[in-house]
Amino acid sequence: MTIAIDGYSSCGKSTLAKALAKELSYVYVDSGAMYRAVTYYFLKHDVAIHSEKEVDLALDKITIDFANIKGKNICFLNNENVENEIRSMRISNNVSEVAAIGKVREKLVKLQRQIARNSSIVMDGRDIGTVVFPNADIKFFVTADKTIRAERRYNELIENGKEVTLREVQQNLEHRDKVDTTRAISPLKKADDAIEIDNTHLNREDQLKLALSYITQFQKHC
Ligand code: CDP
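What counts and what doesn't
Residues numbered from 1 in each chain as written. Predicted model: local features only at pLDDT ≥ 70, side-chain atom pairs only at ≥ 80, totals over all residues. Heavy atoms only, no water. Buried < 20%, exposed > 50% of the residue type's maximum accessible area, 1.4 Å probe, protein only. Helix = DSSP H or I, 4+ residues; strand = E, 2+ residues; numbered from the N terminus. Arc of directions from axis to C-beta. Contact = heavy atoms within 4.5 Å. Phe/Tyr/Trp six-rings, centres within 6.5 Å; stacked < 30°, edge-to-face > 60°. Pairing = 2+ DSSP bridges. Expected span 1.5 Å × (residues − 1). Near = heavy atom within 4 Å. Polar contact = N/O pair within 3.5 Å; in protein donor to acceptor, adjacent residues only side chain to side chain. Areas by Shrake-Rupley, 256 points an atom, 1.4 Å probe, with all protein chains shown as cover.

A. Spotlight on helix 3 (residues 52–60). Here helix 3 has its buried residues at V55, A58 and L59. Projected down its long axis, helix 3 carries its buried residues within an arc of 100 degrees, all on one side. Exposed residues lying more than 90 degrees from the buried face of helix 3 are K53 and D60. Those residues of helix 3 that are buried lie in contact with helix 2 (31–44) and helix 6 (102–116).

B. Spatial organisation of the packing of aromatic side chains. With the rule as written, the count across this model stands at two aromatic pairs. The interplanar angle of 80 degrees and the centroid separation of 5.8 Å between the aromatic rings of Y8 and F141 together place this pair among those described as edge-to-face. Pair noted here: Y8 is in the loop between strand 1 (2–7) and helix 1 (13–24) and F141 is in strand 7 (residues 138–143), with a separation of 133 residues, a long-range link. On the basis of relative accessibility, which here comes to 28%, the residue Y8 falls in the partly exposed class. Relative accessible area serves as the criterion here: at 4%, F141 is assigned to the buried category.

C. Layout of the sheet that holds strand 5 (residues 80–81). Strand order in the open sheet made by the three strands is 3-4-5, with antiparallel pairing throughout. Edge strands, defined here as strands with exactly one partner in the open sheet, are strand 3 (64–69) and strand 5. In this structure, strand 3 lies alongside strand 4 (residues 72–77), joined through six bridges in antiparallel fashion. Each residue of the ladder has a partner; that of I69, found in strand 4, is K72.

D. Fine view of helix 9 (residues 166–182). Counted at 1.5 Å a residue, the expected span for helix 9 with its 17 residues is 24 Å, and the 24 Å between its end C-alpha atoms agrees. Buried residues of helix 9: V169, N172, L173, R176, D177, V179 and D180, and no others. Close packing links the buried residues of helix 9 with helix 2, helix 4 (89–92), helix 5 (95–99) and helix 8 (146–159).

E. Fine view of the site of the ligand. Near the ligand, the surroundings consist of 19 residues, among which S10, R36, R153, D180 and R183 are the closest. With respect to the ligand, the side chain of S31 contributes an N or O atom lying 3.0 Å from a nitrogen atom. Between the ligand and the protein, one listed contact pairs an oxygen atom with a side-chain N or O atom of R126 at 3.1 Å. Protein burial of the ligand: of its 530 Å² of free accessible surface, 98% is covered by the chains. Listing elements by their share of the shell around the ligand, those giving two or more residues are helix 2, helix 5 and helix 9. A per-element tally of the shell around the ligand places helix 2 first, with four residues.

Given below as C-alpha cells:
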C-alpha cells in the first residue's frame, strides 16, 4: 500500500504523513528531507549547482538514510545525523534551486522508489502522486491559507530554537512555492486523482480523521 501526500511549502503534509504512518503502522518517508540533505552537502562542499560535472561528482559521494530514533524520523547524510541542520533557514533558502536540478531528482526519485519496494509507505513531497508513484493507492493534496502556513512554520522554528522572523518565513514559503510550481522537471501540482484536503481550519486530529475516513472508504471498495 502506498499513500502519496503532496502540497505547498509548510502546509501540514508531513504532520499528516507522520500521523497516518503511525496509525497504520506504515513506514513514513520524508522526501523533502532528502532534497534538504543534498542541499546541505552542496553548500558545505561549495558545489557549483550550475556545473553538471560538479553536481554529478557530488551526487556520487552522497548516501541518504532514515532511522526512527525514540519515535522521531531522523535523516542521515553519509551516516551523519543532519536532522537539525537541514531544517535551518539557510537550507530552506537554497533547497528549491537544488531540487530543480534534473540529476538530483533522478537520484532521489530512484532512492524513494527503492525504499517503497518492500513496505507499505506514506511519503510526502511535491511530486509523489504525479511522478514518483503515479499508481499510488491513495493520493492526498494538502493545502492551507498562506498566512496560516507561515505562522505554523514560524512557531515550529522558534520552538526548535531557530532565530528567524515571521517575514523571513513568509518570504521563503512564497519563494519556494514559486520555484517548485514553475520548474521544468516534475513541478508541484495536484495529481488529477488526488483528494484535496484544505486544513486551514482543521487541527491535527481533525485532519487525521478526515484522511483516515478516505482511506477506510478506499479499503471498503477493494
Ligand atoms: O518546508 P516543507 O516541509 O514544506 O518542505 P519539504 O517537504 O521539507 O521540502 C523542501 C523542498 O524540497 C521543497 O520546497 C522542494 O523544493 C523540494 N522537494 C521537491 O522538489 N520534491 C519533493 N518530493 C520534496 C521536496
